[in-house]
Amino acid sequence: MASVGAVGSAEPQILIVPDYDAMSRAAADIVAQTVMAHPGAAISVPTGSTPVGMFEALIEKVTHGDLSFDHTQLFCLDEYVGVTADDPNSLTGWLYDNFLTASRIPADNIHTLPATAADLTAAAASYEADIANAGGLELAVLGLGGNGHIAYNEPGSPGDSRTRVLNLTEESINQARGYFEGQSVPTQAITVGVGTLLEARRIVLIVSGASKADVLHAALHGPQTPDVPASFLQRAPEKLTVIADEAVAARLR
Ligand code: PGA
């Protein structure tokens, strides 16, 4: 595993690992260490294809009795507006199916975005308060969208944005269209904000595959800009760990 920089320095820690499996195992190890060191802490994990291997590795640890999420507070990162967790296209529902149920995190410790609230602005503020009341995020694991989003902070998201509703880009709506066959496709999401994520005490960005090499390079070395919301991670180098496989790290060398 190649490693550049270190936690505590002014440079992010960048772990370059051979492949997706190694990325998944390295990320799962950090989650497990964090949960064991801070049993009551709040953490967040992303949705998408990237974290699936990490979830499998974590579930294996739980199944073998090597890890317990009994006291962990889990904050979901995003959801389509108007979509309930039991909708087959819900991001929250997806997270239950792929991680939350098998991880045995107690139901009371799982915090989901208030995507169907009558007053979304007030509900988003209350979600922020819930994170603060849980002591803030000890760890935020993030994926990187092909358009540079983190959580569902689409291009245009400021670095100080908080949990809020925002319009999805055409690209994301078209992506969602594939899943929402025969149903109206959501055009808005509610997401934890970039500024909220930057307040986590540790941030782990997991990225895999050659198709994201350019956007990862832009996020880490390009200008800090709302056009690439992940570029604001450069504001928190001392708490950022990037776990990238060889393919996506090609441009970082
Ligand atoms: P992906 O999505 O893991 O499916 O590529 C990443 C993201 O949008 O966070």
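Let me begin by describing the structure that accompanies this report. (Residues numbered from 1 in each chain as written. Predicted model: local features only at pLDDT ≥ 70, side-chain atom pairs only at ≥ 80, totals over all residues. Heavy atoms only, no water.)

Another aspect to go through is the site of the ligand. If you check the shell around the ligand, you find G48, S49, T50, G143, L144, G145, H149 and K212 and nothing else. In this structure, an oxygen atom belonging to the ligand sits 2.6 Å away from a side-chain N or O atom of K212. Summarising the interface, the protein chains cover 75% of the accessible area of the ligand, which totals 280 Å² for the free molecule. When atom positions are compared with the pocket grids, the ligand is found to occupy the largest pocket. Of the residues contributing to the shell around the ligand, the split by class is one nonpolar, six polar and one charged. (Near = heavy atom within 4 Å. Polar contact = N/O pair within 3.5 Å; in protein donor to acceptor, adjacent residues only side chain to side chain. Areas by Shrake-Rupley, 256 points an atom, 1.4 Å probe, with all protein chains shown as cover. 1 Å grid on protein atoms, 1.4 Å probe; cavity = no way out; pocket = protein on both sides within 12 Å on 5 of 7 lines; lining within 4 Å. Sits in = over half its atoms within 2 Å of the grid points. Nonpolar A, V, L, I, M, F, W, Y, C, P; charged D, E, K, R; others polar.)

Time to look at the environment of L240. Secondary-structure assignment places L240 in strand β11 (residues 240-245). According to the relative accessible area criterion, L240 is buried, its value standing at 2%. Along the sequence, L240 and A200 sit 40 residues apart, while their C-alpha atoms lie 9.7 Å from each other. Apart from residues no more than four positions distant in its own chain, L240 is found in contact with P12, Q13, I203, L205, L220 and L233. (Helix = DSSP H or I, 4+ residues; strand = E, 2+ residues; numbered from the N terminus. Buried < 20%, exposed > 50% of the residue type's maximum accessible area, 1.4 Å probe, protein only. Contact = heavy atoms within 4.5 Å.)

Further remarks concern the environment of D214. Mapped onto the secondary structure, D214 falls in helix α7 (residues 213-221). You can call D214 exposed: its relative accessible area is 51%. Note: C-alpha distance between D214 and A250 (36 residues apart in sequence) is 9.1 Å. Of note is the side chain of D214, whose polar atom sits 3.1 Å from the side chain of R251.

The next thing to look at is the sheet that holds strand β9 (residues 188-191). Strand pairs in the sheet, formed through backbone hydrogen bonds, run parallel or antiparallel to each other. Strand order across the open sheet formed by three strands is β5-β9-β8, with antiparallel pairing between neighbours. Single-partner strands in this sheet number two, and they are β5 (78-80) and β8 (164-167). Shown here is a sheet whose adjacent strand axes are inclined to one another by a mean of 25°, direction ignored. Looking at chain direction, β8 and β9 are connected through four bridges and run antiparallel. Paired with N167 across the two strands is Q188, which belongs to β9. (Pairing = 2+ DSSP bridges. Axes fitted to C-alpha atoms, helices over the stretch in contact; angles between N-to-C directions.)

Turning our attention to the packing of aromatic side chains. Inspection of every chain in the model, using the stated rule, returns five aromatic pairs. Taken together, a centroid distance of 5.7 Å and an interplanar angle of 90° make the contact between F69 and F99 edge-to-face. Residue F69 is located in the loop between α2 (52-63) and β4 (73-75), and its partner F99 is located in helix α3 (residues 91-103); the two are separated by 30 residues in the primary sequence. Exposure class is identical for F69 and F99. Each is buried. Consider the rings of F75 and Y127, whose centres lie 5.7 Å apart with planes at 80°: the pair is edge-to-face. (Phe/Tyr/Trp six-rings, centres within 6.5 Å; stacked < 30°, edge-to-face > 60°.)

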